[in-house]
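The chain contents come next:
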Protein chains: 2
Amino acid sequence: MAERIDPWGSVLIDDYNKIIENYGMEPFDKKILSKLPNPNRLMRRLVVFGHQDLGRIVDAIKKKKDFAILTGIMPSSEKLHLGTKMVIEMVKYFQEQGGKTFVLVADLESLATRDVPLDEAKKRALEFYIPAYIALGLNPKKTVFYFQSKNKKVRDMSVELSPRLTLNEYRALYGEPSAPKIISSLTQISDILFPQFDKVQPVVVPVGSDQSPHLRATRDVVRRYKKVDFIPPSATYHKFTPSLDGSMKMSKSKPNSFISIPEDPEKVAKKIMKAKTGGCDTIEEQKKVGGKPEECVVFELFKQHLIEDDKELDKIFKDCKSGKIMCGGCKKKAADIMKKFMIDFNDKFENAKRNISKLNILEFECE
Amino acid sequence: MAERIDPWGSVLIDDYNKIIENYGMEPFDKKILSKLPNPNRLMRRLVVFGHQDLGRIVDAIKKKKDFAILTGIMPSSEKLHLGTKMVIEMVKYFQEQGGKTFVLVADLESLATRDVPLDEAKKRALEFYIPAYIALGLNPKKTVFYFQSKNKKVRDMSVELSPRLTLNEYRALYGEPSAPKIISSLTQISDILFPQFDKVQPVVVPVGSDQSPHLRATRDVVRRYKKVDFIPPSATYHKFTPSLDGSMKMSKSKPNSFISIPEDPEKVAKKIMKAKTGGCDTIEEQKKVGGKPEECVVFELFKQHLIEDDKELDKIFKDCKSGKIMCGGCKKKAADIMKKFMIDFNDKFENAKRNISKLNILEFECE
């Protein structure tokens, strides 16, 4: 399937090639795709566009060796976005391939960078983020959760690693450094290594490309830290979901072009009905020359989030190109599926919330 | 007594006036001295040359209100120097005036800046530093000890305080910043505030002037932190003990001019016999014109460390000035007292080590 979908490309494919080059990623291409068992929608359609050392994970899956998956919760507000949905879909994929999952609550980061008190972060994590992650597909039975602030080993390691990056390196990775950013970065580096504290093993961290500095910082630090022979972390990088107005990345600063999770099903449907498409100015013209799905935000929503069946997606692409279907119909279809997603999410969220006490949350002993 | 000793000044008095000016200290003078009950040798002789907000502590002593004393252990090697001896003498003084003492082991700082593993830091603290502090006069019954790494409240506060100083401010305080320095500084700031976590109270931190950046940083942060109305910490600043060769500060880099604690009694005596004095080139000349005790390292040792009785010190000063006594005799006297001090230290140290299990070391519960 992937081969047929691949050439459709993305609205902003050039930028992703630049990201791969600038940030030293490897492209996620058909070659690596062919080695992954049962690739998910995001991989098949190359929404995952880059990776680092994913070969190690492919190898672990194939040989049924131990590997770990790591992701985080930044408890800064009480909304997720479609990028988080993609992260969890990637985590779910690797969980199904046998990985042990670690989900950290970045309560030290939200304290340092957003002044969120630790008890407030804990509340938000337990009452919103963790159930939301489960509603998005995270398997809690294969997951260990922890709070950065309570993980003394992670905190100690972050201090121990602190001399391994210079301020100029922080500047190159994260822009102008500050004490809160440095503390957050060191804690995240230590989080990424945490699954290897007891036993070194490959670890994959699925992220949006904006998170790549943490991965690069960790890989730099691992090279310089000689006491443990940590395996450099692997990563997958997925594209942004474009803003409904067609700009590169959804942003909360434009609420009418932004889809949050959760969101009122009727409201989100209305927003989608106003999305930028790849259609012509008139229906007559579109019937004649066809639409441009490769420039259409609604088609991108189908591809990234809403349509699971590759054949169905392929048919929409072709029918749009040939002028057989019009934008109104596609928007209606997208709005309906998204509405269903939001209703479904709420059900799963409430269910997960009811079962929150059953989670495996790491508790730490004081030495 | 103080009045008579005061005008003798110090070998490097001008520099201390500059330090007071440059670092925004208040001079420690006869006025503040007159308000302190039973001032110790270092205060009477103005070896304590500067302070910050010591009035708060004077007031607490007078009104028998709660106040705290804080000092730290940097477990980076297994030697103390005469500066530490002065710190502990100041702590001892404030303990006797009713202060509750906190002694922290800066194991996070030694991990970050010297790569000392936490378990090694713990070993050094329990087997050397804490018994040595007790041997120098610290009253363990009035002291709470803790390890930075185990004090979650201190660590959490250091993260919370991290946005309250800019990197430019770190640079102004500590020179070119680095991640380990920033972490160490934030942890120390948090340590200095720790005695106020449960209840705000005046805290005095007796230090050598090289430690003043931590105090200034803490005072800056306190002004900006609005959630708790912390009282800005008070401090006393004492002079350095000059190097035996007459340069401003003893340094390990010149071992023959450096007195460490502990040190072999015979060796230390030999070093003192070679110290720079304020004597003349010939005995004949010195008998005629007298010596210069105000430029004499041996006299400075008498004043700062070796002679408790002000009258005795005064007599040495006058007899030197008038050419009645010669340098050989003074060096012999200093060497003998220092030898006795080292032997006495060892006895007390061994005794404190035997009783180490009785200390009040803070243990922390995990929440």
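What you see is a predicted model, and the numbers here were worked out from it, not measured in a lab. (Residues numbered from 1 in each chain as written. Chains lettered and ligands numbered in written order. Predicted model: local features only at pLDDT ≥ 70, side-chain atom pairs only at ≥ 80, totals over all residues. Heavy atoms only, no water.)

**A few points about the side chain of A:D191**
All names here are of chain A.
Thought 1: By the element assignment, D191 lies in helix α11 (residues 179-193).
Thought 2: There is a polar contact of 2.6 Å between the side chain of D191 and the side chain of Y146.
Thought 3: Not counting chain neighbours up to four residues away, the residues in contact with D191 comprise L70, L104, Y146, Q148 and V154. (Helix = DSSP H or I, 4+ residues; strand = E, 2+ residues; numbered from the N terminus. Polar contact = N/O pair within 3.5 Å; in protein donor to acceptor, adjacent residues only side chain to side chain. Contact = heavy atoms within 4.5 Å.)

**Structural notes on helix α9 (residues 152-161) of chain A**
Thought 1: In terms of burial, α9(A) is a largely internal element, 9 of the 10 residues being buried.
Thought 2: When α9(A) is considered as a whole, its buried residues turn out to be A:K152, A:V154, A:R155, A:D156, A:M157, A:S158, A:V159, A:E160 and A:L161. (Buried < 20%, exposed > 50% of the residue type's maximum accessible area, 1.4 Å probe, protein only.)

**Thoughts on the side chain of A:H51**
Residue and element names in this part refer to chain A.
Thought 1: Relative to the helices and strands, H51 resides in strand β2 (residues 48-52).
Thought 2: Within the structure, H51 has its side chain in polar contact with the backbone nitrogen of L54 (distance 3.2 Å).
Thought 3: Residues contacting H51, with those up to four places away along its chain left out, are M25, E26, P27, F28, I32, A235, T236 and Y237.

**Let's talk about the sheet that holds strand β7 (residues 203-208) of chain A**
Remark on secondary structure: sheet strands pair via backbone hydrogen bonds, oriented parallel or antiparallel.
All names here are of chain A.
Thought 1: If you walk across this open sheet you meet the 7 strands as β1-β2-β8-β7-β3-β5-β6, and the pairing is mixed. Single-partner strands in this sheet number two, and they are β1 (26-27) and β6 (143-147).
Thought 2: Two elements, strand β3 (residues 68-73) and strand β5 (residues 100-105), share 6 bridges in a ladder whose sense is parallel. By the bridge assignment, L70 is partnered in β5 with F102.
Thought 3: Running over the sheet, helix α12 (residues 212-224) touches β2, β7 and β8 (234-238) and is turned about 165° from β8. (Pairing = 2+ DSSP bridges. Axes fitted to C-alpha atoms, helices over the stretch in contact; angles between N-to-C directions.)

**Focus on the environment of B:M250**
Residues and elements named next belong to chain B.
Thought 1: Tracing the backbone shows M250 in the loop between β8 (234-238) and β9 (260-261).
Thought 2: As a C-alpha pair, M250 and K153 span 97 residues in sequence and 36 Å in three-dimensional space.
Thought 3: When residues no more than four places from it in sequence are discounted, the contact partners of M250 are L82, T241, P242, S243, L244, S257, F258 and I259.

**Remarks on the pattern of salt bridges**
Residues and elements named next belong to chain A.
Thought 1: One pass over the full model with this rule turns up 64 salt bridges over all chains.
Thought 2: For R41, the salt bridge goes to E89, with nearest N and O atoms at 2.7 Å. Taken together, the residues R41 in helix α4 (residues 41-44) and E89 in helix α6 (residues 82-96) connect sequence positions 48 residues apart. Here R41 matches E89 in class, with each residue buried.
Thought 3: Residue E294 is joined to K321 by a salt bridge in which the shortest nitrogen-to-oxygen separation is 2.7 Å. Of this pair, E294 sits in the loop between α14 (283-289) and α15 (297-306) while K321 sits in helix α16 (residues 310-321), and the two are 27 residues apart along the sequence. (Salt bridge = Lys/Arg side-chain N within 4 Å of Asp/Glu carboxyl O.)

**As for the relation of the copies chain A and chain B**
Thought 1: Each copy superposes on the other: chain A lies on chain B with an RMSD of 0.0 Å after a rotation of 180° and an axial shift of 0.0 Å. Here the symmetry operator amounts to a two-fold rotation axis.
Thought 2: Of the residues that chain A buries at the interface, 100% are likewise interface residues in chain B, meaning the two copies contact each other through the same surface. (Least-squares fit on C-alpha atoms with pLDDT ≥ 70 in both.)

**Focus: the packing of helix α10 (residues 167-174) of chain A against α11(A)**
All names here are of chain A.
Thought 1: The contact between α10 and α11 brings their axes to 12 Å, and the two run at 85°. Classified by the angle their axes make, α10 and α11 are roughly perpendicular. Here α10 contributes L167, Y170 and Y174 to the contact with α11, which in turn contributes K181, I182, S185 and L186.
Thought 2: The class makeup of the residues in the contact of α10 with α11 is 5 nonpolar, 1 polar and 1 charged. (Parallel < 35°, antiparallel > 145°, perpendicular 65-115°, else oblique. Nonpolar A, V, L, I, M, F, W, Y, C, P; charged D, E, K, R; others polar.)

**Things to note about the domain arrangement of chain A**
All names here are of chain A.
Thought 1: For chain A, the assigned domains are domain 1 (2-243) and domain 2 (255-348).
Thought 2: When each unit is reduced to the centre of its C-alpha atoms, the spacing between domain 1 and domain 2 is 29 Å.
Thought 3: Contact residues are listed per partner, giving 26 residues for domain 1 and 30 residues for domain 2.
Thought 4: Where domain 1 packs against domain 2, one counts 4 salt bridges.
Thought 5: Put simply, D310 and R44 hold a salt bridge, and the shortest N to O gap is 2.8 Å.
Thought 6: For the interface between domain 1 and domain 2, the tally reads 14 residue pairs in polar contact (both at pLDDT 80 or more).
Thought 7: Elements supplying a minimum of two residues to the side of domain 1 that touches domain 2: α1 (2-5), α4, β4 (80-81), α6 and α8 (118-135).
Thought 8: Partitioning the side of domain 1 that touches domain 2 into residue classes produces 14 nonpolar, 5 polar and 7 charged. (Domains from an automatic or database assignment.)

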